[in-house]
Amino acid sequence: MNVIQIILIMGLVGLGLLVTARLQTSFVMKPLMVLFTVVGIYFVLYPDRTTQIAHWLGVDRGADLMFYLFMLLVSFLLTHLYARQRELKAQLTQLYREDALRRAEQLGGPEPGGTPKPPEEI
Amino acid sequence: MPAIFTIVPVFNEDPEVLVQTVRGLLPVAGQVVVVDDGSTQDLREALRTYPVFYLRHSINLGQGAALQTGTTFALQQGADFVVHFDADGQHQPADVAILLEEVAQGGTDVALGSRFLRKADARKIPLLRQVLLQAARFVNFLFTGLWLTDAHQGLRVLNRKAASLITLSENRQAHATELLAQVRRRKLRYREFPVTVEYTAYSRSKGQSSGQSLGILVDLVLNKIFR
């Protein structure tokens, strides 16, 4: 085993442990992450296998196949994170809107310091 | 007497300009609702003596979010008509009365101001802005199916039905197109009416910069994808 294999395996194991043990991952994601880790370690130990699979799929080298899959995965993750980010923004807006509505005040005018009438049902 | 609520979204507005806008609105625009979209300066203090409702977002969310907050508030207060009015002094309070009259008479659910219905109004628009607005009209048409004479013009009047049915989720500037899309989706009646917009050095510095156009387009596309 050479140095890069040790580094990669340590990284995979660390990531796998983090995701399964520490983060609140869903029941669907947990087994998938374990599988991802095991498969990852297998290909780190036997890199030639990726080339075999690549040939089946019509790609010349295993490293190229890994690169393509990596691109796909990153694109998917970014899109997922972005969608999540938009969702959070919408929730945040809702929160600040409700806060603004609660603290609405009537300034100046005939009833100084008066408050708006309680909301009607809409 | 119908309840009219005029929403004025503000963000770091010059207090003097804001007060001027509010003073112009008070005689013609019913209840004035100032929605402070997380300004870093204290605008409440400037408005203290005026009979307006003051709402504040603790952080800056964007003009679309401020309009929606104001509209929700107005509906809660029992508004029959909701007016959108920019704070920077570019709109004429007299135009509000004209648009209100049209909606109150029941001829339309939404009255949209347009700077292109009278030659004299259109001539006041800076040339580059005129060109961009033509492009924006086309973008609006692509996204909403409404072919209007103007785009991104902030003066509108909605009746209660329209104000209740339209919910702006575009927090930033793309709300102007989103509003039109919902007018179409909800099958609301709409009409454009001529309005005059005064381009002062101040309103030009506060308004949308031409460079923002692209950002609005990106927001629109993203909003289509990530619904």
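A brief structural summary.

The rules we used
Residues numbered from 1 in each chain as written. Chains lettered and ligands numbered in written order. Predicted model: local features only at pLDDT ≥ 70, side-chain atom pairs only at ≥ 80, totals over all residues. Heavy atoms only, no water. Salt bridge = Lys/Arg side-chain N within 4 Å of Asp/Glu carboxyl O. Helix = DSSP H or I, 4+ residues; strand = E, 2+ residues; numbered from the N terminus. Buried < 20%, exposed > 50% of the residue type's maximum accessible area, 1.4 Å probe, protein only. Phe/Tyr/Trp six-rings, centres within 6.5 Å; stacked < 30°, edge-to-face > 60°. Lys NZ or Arg CZ within 6 Å of the ring centre and 35° of its normal. Pairing = 2+ DSSP bridges.

### Remarks on the pattern of salt bridges
Residue and element names in this part refer to chain B. For the structure on display, the rule yields 11 salt bridges over all chains. D109 is the partner of R189 in a salt bridge, and the nearest nitrogen-oxygen pair spans 3.1 Å. Highlighted residues: R189 in the loop between α8 (175-185) and β7 (190-194) and D109 in the loop between α4 (93-104) and β5 (110-114), separated in sequence by 80 residues. By relative accessible area, R189 is classed as partly exposed at 40%.

### A word on the packing of aromatic side chains
The geometry of an aromatic ring pair is captured by two quantities: the separation of the ring centres and the angle between the planes. Taken as a whole and judged by the stated rule, the model has six aromatic pairs over all chains. Both rings, one in A:Y42 and one in A:Y46, keep their centres 5.2 Å apart while their planes meet at 50 degrees; by these two values the pair is tilted. Looking at A:Y42, the relative accessible area reads 34%, which means it is partly exposed. With centroids separated by 5.5 Å and ring planes inclined at 80 degrees, the aromatic side chains of B:F141 and B:W147 adopt a geometry described as edge-to-face. According to the relative accessible area criterion, B:F141 is partly exposed, its value standing at 35%. Members of the aromatic cluster, connected to one another through ring pairs, are A:Y42, A:F43 and A:Y46. Seen from the ring of A:Y46, A:R49 lies directly overhead, with NZ or CZ sitting 5.9 Å from the centre.

### Remarks on the sheet that holds strand β2 (residues 31-37) of chain B
Spatially, β1(A)-β3(B)-β2(B)-β1(B)-β4(B)-β6(B)-β5(B)-β7(B) is the arrangement adopted by the eight strands of the open sheet, whose pairing is mixed. Single-partner strands in this sheet number two, and they are β1 (105-106) of chain A together with β7 of chain B. The pairing of β1(A) with strand β3 (residues 53-57) of chain B spans two bridges and is antiparallel. Its bridge partner lying in β3(B), A:Q106 is registered against B:F53.

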